[in-house]
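Next come the chains, spelled out residue by residue.
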Amino acid sequence: MAKISINLATGSLQQEEIIVGIDLGTTNSLVAFINPDKNPQVINDSGKGLLVPSVVYFNSHNEAIVGNEAKEFLTTDPANTIFSVKRLLGRSYKDVAEHSDIFSYKIIDDDSDALVKIHAGDRFYTPIELSAEILKELKARAEHALKTPVNRAVITVPAYFNDSQRQATRDAGKLAGLDVMRIVNEPTAASLAYGIGLDPTQQKTIAVYDLGGGTFDVSILQIQNGIFEVLATNGNTYLGGDDFDRAILNYWIEQNKLDKAELANNNVLMQTLRLQAEAAKKALSSQNLYNEQVGEIWCTLDKQTFEKLIAAKVDETITACKNALQDSGLAVTAIDEVILVGGSTRTPYVKKQVEAFFGKKPQDNINPDEVVALGAAIQADVLAGNRSDILLLDVTPLSLGIETMGGLMDVIIARNSKVPTKAGRQYTTSIDGQVNMKIAVYQGERDLVKENRKLAEFDLKGIPAMPAGLPKVDINFLLNADGILTVQAIELRSGVKQEIEVKPSYGLTDDTVEKMLIDSITHAQSDVAQRMLIEARSEGEQLLYTAERFVEKHAEHLTQAEIRDTQLYISALKNALTLNDKDLILKKADELNEFTRPFAERVMDAAISTAMKGKKI
Ligand code: ADP
Ligand code: MG
């Protein structure tokens, strides 16, 4: 397979172009490259710093501002300042509802399994678009610092990210104008940064302990023949350095006998104290006492007290390590190396507890907040074929997937995946009583299947008639070492099954692959925009279907005026669906949702009281 890349500025092909490594973090993001001395290095553009806070602020012109500058708006304009977007990536509202109180901006609750959206200014953003803003900033900084176009990247994700979160990360890269060469697990990248896994004869078991700003995870990895296998992961996506800051803040509130209610109303003071708490925590990583004053408030903390404040949280992480180890079926003595990742592992108490648990001194020579980005840069270098000492395993040149609603391509095996590989995803029906499902298999990078190469099509027949959304159809792709793709569809409730085999490389020349890759990059922006419009439209149509049936079925619980107003909201949504404006569709859908939400609750209550009446006590 030829290695190609395109210079977007000139449209010409380049043989050798830089591929950057990106750590797209919950709190901070970084971009790294391999410098002329062949060493990985985090890019520091014009002294702006290595870490780019993963914060996006939208000003009154809907322009995105990213990084330190955006962070300043967290207190002054919280509704339009988006942080922690990584927690929302590829997730539905149901996934995050439990923790919705930590978000100070508006997350749309549409009572469905649809992916979350964020309302800022007068626009609706998907987490993909927001992550793309962060990636655009990293790309721009890299281009500015390296004085060359940067179009290709390796991006890291947590090992526990599911398929839809990985796909969302890929889409964000694409939207930012980056050709995402590969999505790599963060613990894998961290190991590579330490040089572990580069030697194909090496066999090792490692534990990667990653404590960041808001999340914690531990992964047990096994490396064999240059392949990383995740044996187990564990953690808590709502535990991190922010909790340490909060513990310090609460301690100071107590010590200074501050009125909590009063403080809650003083956003600026609260934020100042929170920043002071973070500064204290960082200082205590290298000294024994912190002593500052904010106005009349004493911000004093010694190391011992700090360790008492955070002990319970750190214990929780150690329990997670225990669980991960147990899931991997290994004894603690089987771990060859322990690697520390994440800014919060700078805290000596954390290091001490990790060392005590694993009975081994953890690797901490590389900056824990840089290590993932550095490893991503090394992976990028390997993919670029710049490391002749490392065997590049066989990879799929183009993505493989199926057609979903609105003619969209749903990628199941991503391009550049190692072969052999298998992957699968679950689908359902969109119409009540649907008994057949068409499965069309495509190859290519474009968002609309009509721009890709069709490989095969078949019908899964005999699905028992059920309401829309109930059947569970698993589609599995298996690509074997000879390049034969087996596509299997199975409806889990009934067991109906159908399977075909195709050879994706049949009739595919290097020239075609090249052309398809170039097209996908030149059309990336418009492709993603079309995808989002189609997705918004299907969501809108689905809501329309539900709302209309609801009014029909439950008219007796609604007043005439409520029915009339609901019809108005329905018409407004219908009207929006005829236009090509994603934001308008989402706005009208949100309005209909908000208006009818109380009715749904009323019907639910009525149903419960009816059920109670029928019960004999
Ligand atoms: P993420 O992976 O979530 O993006 P990072 O790895 O960048 O996060 O970690 C950010 C966290 O590390 C923050 O809570 C920050 O306060 C903490 N941190 C940074 N430096 C230190 C330090 N010297 N001592 C203790 N904690 C630190
Ligand atoms: Mg991180």
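Quick caveat, the model's predicted, so the values are computed rather than measured.

Definitions and cut-offs
- Residues numbered from 1 in each chain as written.
- Chains lettered and ligands numbered in written order.
- Predicted model: local features only at pLDDT ≥ 70, side-chain atom pairs only at ≥ 80, totals over all residues.
- Heavy atoms only, no water.
- Salt bridge = Lys/Arg side-chain N within 4 Å of Asp/Glu carboxyl O.
- Helix = DSSP H or I, 4+ residues; strand = E, 2+ residues; numbered from the N terminus.
- Buried < 20%, exposed > 50% of the residue type's maximum accessible area, 1.4 Å probe, protein only.
- Expected span 1.5 Å × (residues − 1).
- Core = buried A, V, L, I, M, F, W, Y, C linked by side-chain atoms within 4.5 Å.
- Contact = heavy atoms within 4.5 Å.
- Pairing = 2+ DSSP bridges.
- Axes fitted to C-alpha atoms, helices over the stretch in contact; angles between N-to-C directions.
- Near = heavy atom within 4 Å.
- Polar contact = N/O pair within 3.5 Å; in protein donor to acceptor, adjacent residues only side chain to side chain.
- Areas by Shrake-Rupley, 256 points an atom, 1.4 Å probe, with all protein chains shown as cover.
- Phe/Tyr/Trp six-rings, centres within 6.5 Å; stacked < 30°, edge-to-face > 60°.
- Domains from an automatic or database assignment.
- Buried area = accessible area lost by both parts, 1.4 Å probe.
- Nonpolar A, V, L, I, M, F, W, Y, C, P; charged D, E, K, R; others polar.

## Here's the deal with the pattern of salt bridges
Here is step 1 of the chain: Summed over the entire model, instances satisfying the criterion amount to 36 salt bridges.
Here is step 2 of the chain: Where Lys281 meets Asp245, a salt bridge forms, and the shortest distance between an N and an O atom there is 3.0 Å. One end of the pair, Lys281, is in helix H9 (residues 267-283); the other, Asp245, is in helix H7 (residues 241-255), with 36 residues separating them in the sequence. Assigned by exposure class, Lys281 and Asp245 land together as buried.
Here is step 3 of the chain: One salt-bridge network, held together by shared partners, links Arg123, Glu129, Lys582 and Asp583.

## Points about helix H4 (residues 127-146)
Here is step 1 of the chain: Helix length check: H4 (20 residues) gives 28 Å between terminal C-alpha atoms against 28 Å at 1.5 Å per residue, within 8%.
Here is step 2 of the chain: All buried positions along H4 are accounted for by Pro127, Ile128, Glu129, Leu130, Ser131, Ala132, Ile134, Leu135, Leu138, Lys139, Arg141 and Ala142.
Here is step 3 of the chain: Among the residues trailing H4, Lys147 stands out with phi positive, at a value near 55 degrees.

## Describing the nonpolar core
What tends to happen in soluble globular proteins is that the nonpolar side chains get buried as a cluster.
Here is step 1 of the chain: Ranked by internal contacts, the top residues of the largest apolar core, which has 49 residues, are Val20, Ile22, Leu88, Tyr105, Ile107, Leu135 and Ile155.
Here is step 2 of the chain: Looking at this core element by element, the count peaks at seven residues for H4.
Here is step 3 of the chain: Among all residues touching Tyr105, those that are not within four sequence positions of it are Pro78, Ala79, Thr81, Ile82, Phe83, Ser84, Val85, Leu88 and Ile118.
Here is step 4 of the chain: Of all hydrophobic cores here, the second largest spans 42 residues; its members include Ala207, Phe216, Phe244 and Leu273.

## Some words on the sheet that holds strand S21 (residues 400-404)
Here is step 1 of the chain: Pairing within the open sheet is antiparallel, and its four strands lie in the order S22-S21-S24-S25. The two strands at the open ends of the sheet, each matched to only one other strand, are strand S22 (408-413) and strand S25 (453-460). Strand-to-strand twist across the sheet, computed as the mean angle between neighbouring axes with direction ignored, equals 30 degrees.
Here is step 2 of the chain: With five bridges connecting them, S21 and S22 associate as antiparallel partners. Bridging across to S22, Glu403 finds its partner in Met409.

## A word on unusual backbone geometry
Here is step 1 of the chain: In the segment running from Val419 into Pro420, the intervening peptide bond is cis, with an omega of -5 degrees.
Here is step 2 of the chain: Within the secondary structure layout, Pro420 lies in the loop between S22 and strand S23 (421-427).
Here is step 3 of the chain: Look at Lys38: it is not a glycine, yet its phi comes out positive at around 70 degrees.
Here is step 4 of the chain: Turning to its location among the elements, Lys38 is positioned in the loop between strand S4 (28-34) and strand S5 (40-42).

## Looking at the site of ligand 1
Here is step 1 of the chain: What surrounds ligand 1 is a group of 16 residues, the closest being Thr27, Asn28, Glu278, Lys281 and Ser285.
Here is step 2 of the chain: Taking Lys281, its side chain carries an N or O atom lying 2.7 Å from an oxygen atom of ligand 1.
Here is step 3 of the chain: In isolation ligand 1 exposes 580 Å². Once the protein is present, 88% of that is buried.
Here is step 4 of the chain: Here the shell around ligand 1 gets three residues from one element, more than from any other, and that element is H9.

## Some words on the side chain of Asp245
Here is step 1 of the chain: Overall, Asp245 belongs to the buried group, its relative accessible area being 1%.
Here is step 2 of the chain: Among the polar contacts listed, one links the side chain of Asp245 to the side chain of Lys281, at a separation of 3.0 Å.
Here is step 3 of the chain: Look past the residues within four positions of Asp245 in its chain and what remains in contact with it is Arg274, Ala277, Glu278 and Lys281.

## A closer look at the side chain of Ser399
Here is step 1 of the chain: Mapped onto the elements of the fold, Ser399 is located in the loop between helix H12 (371-383) and S21.
Here is step 2 of the chain: Those residues in contact with Ser399, other than ones at most four positions away along the chain, are Met409, Val411, Ile413, Ala414, Arg415, Tyr442, Gln443, Gly444 and Glu445.

## Remarks on the packing of aromatic side chains
One pair of aromatic rings is described through two measures. These are the centre distance and the angle between the planes.
Here is step 1 of the chain: Tallying each qualifying case throughout the model produces 11 aromatic pairs.
Here is step 2 of the chain: Seen in terms of ring centroids, Phe58 and Tyr125 are 4.1 Å apart; in terms of plane orientation they differ by 15 degrees. Their pairing is stacked. Placement of the pair is Phe58 in strand S7 (residues 55-58) and Tyr125 in strand S12 (residues 123-125), with a sequence separation of 67 residues. In terms of burial, Phe58 and Tyr125 fall into one category: buried.
Here is step 3 of the chain: Cluster of aromatic residues (ring-pair linked, three or more members): Phe83, Phe103 and Tyr105.

## A look at the sheet that holds strand S15 (residues 204-211)
Here is step 1 of the chain: Sheet architecture is open: four strands sit in the order S17-S16-S15-S20, paired in mixed fashion. Of all strands in the sheet, those with a lone pairing partner are strand S17 (227-236) and strand S20 (337-341), marking the two edges. In this sheet, adjacent strand axes meet at a mean angle of 20 degrees when their direction is disregarded.
Here is step 2 of the chain: Relative to S20, S15 runs parallel, the two sharing five bridges. Among the inter-strand pairings, Asp210 is bridged to a residue of S20, identified as Val341.
Here is step 3 of the chain: Of the strands in this sheet, S15, strand S16 (216-224) and S17 are in contact with helix H10 (residues 303-328), which crosses S17 at around 140 degrees.

## Some remarks on the domain arrangement of the protein
Here is step 1 of the chain: In terms of domains, the protein is made up of domain 1 (16-194 + 369-383), domain 2 (400-509) and domain 3 (526-612).
Here is step 2 of the chain: Look at where the C-alpha atoms of domain 1 and domain 3 centre, and you get two points 33 Å apart.
Here is step 3 of the chain: For the domain 1 and domain 3 pair, buried surface summed over both sides reaches about 1200 Å², with 52% attributable to carbon and sulfur atoms.
Here is step 4 of the chain: Run the count over domain 1 and domain 3 and you get four salt bridges.
Here is step 5 of the chain: Linking Arg123 and Asp583 is a salt bridge whose minimum nitrogen-to-oxygen distance equals 3.1 Å.
Here is step 6 of the chain: Every element with two or more residues in the side of domain 1 that touches domain 3 is listed here: S12, H4 and helix H5 (163-175).
Here is step 7 of the chain: Taken together, the residues that form the side of domain 1 that touches domain 3 break down as five nonpolar, one polar and eight charged.

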